[in-house]
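Here's the letter readout for the chains.
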Amino acid sequence: MKEENRRITKQELQKIYNVDRTTIEVWVKNYDLPMIVISSHSKYIRENDLINWENSMIMNNKLLDILEV
């Protein structure tokens, strides 16, 4: 059974989207990517939150814009 609210680290996001950490930080700041900050070296996002964020970006026609950054 798939764990629905799996935590995805910032490093995993970088691999998923093939971007650097600065790009992830821009998404958090400018596109409201809901990262959870535990410490300066520990950041993650819940899988469901990521899916919801992606869907909202698609609905607002912004997903392609951020992937081109």
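Small disclaimer: the values here were computed from a predicted structure and weren't measured.

Q: Before we go on, may I ask you to explain the sheet that holds strand 2 (residues 36-39) in this structure?
A: Strand order in the open sheet formed by three strands is 1-3-2, with antiparallel pairing between adjacent strands. The two strands at the open ends of the sheet, each matched to only one other strand, are strand 1 (7-9) and strand 2. Taken over all neighbouring pairs, the strand axes of this sheet differ in orientation by 35° on average, direction set aside. In terms of strand pairing, strand 2 meets strand 3 (residues 42-46) through three bridges, oriented antiparallel. Bridge assignment links S39 to a residue of strand 3, and that residue is S42.

Q: Can you walk me through the pattern of salt bridges in this structure?
A: In a structure, side chains of opposite charge can pair up when their charged atoms sit close to one another. Inspection of the entire model under this criterion finds four salt bridges. Ionic pairing is found between E12 and R6, a salt bridge with its closest N-O pair at 3.5 Å. As a salt-bridge pair, R46 and D49 come within 3.7 Å of each other at their nearest N and O atoms. On the basis of relative accessible area, D49 is assigned to the partly exposed category, the value being 25%.

Criteria and thresholds
Position numbers for residues start from 1 in each chain and track the written sequence from start to end. Local features in this predicted model are restricted to residues of pLDDT 70 or higher, and side-chain atom pairs are both shown and tallied only at a pLDDT of 80 or more, whereas totals for entire chains, interfaces and linings draw on every residue. Excluded from the side-chain calculations are hydrogens and water; all other atoms, namely the structure's heavy atoms, are used. Note: two strands are recorded as paired if DSSP finds a minimum of 2 bridges between them. Here a helix means four or more residues in a row that DSSP labels H or I, a strand means two or more in a row labelled E, and each is numbered from the N terminus. For every element, the axis is a line fit to its C-alpha atoms; helices are fit only across the contacting stretch, and the angle between N-to-C directions ranges from 0 to 180 degrees. When a carboxyl oxygen of Asp or Glu lies within 4 Å of a side-chain nitrogen of Lys or Arg, that pair is called a salt bridge. Summary of the burial criterion: residues with accessible area below 20% of their type's maximum are buried, those above 50% are exposed, and those between are partly exposed, where the area comes from a 1.4 Å probe applied to protein chains only.

Everything listed here is a matter of coordinates, which is why it stays silent on function.
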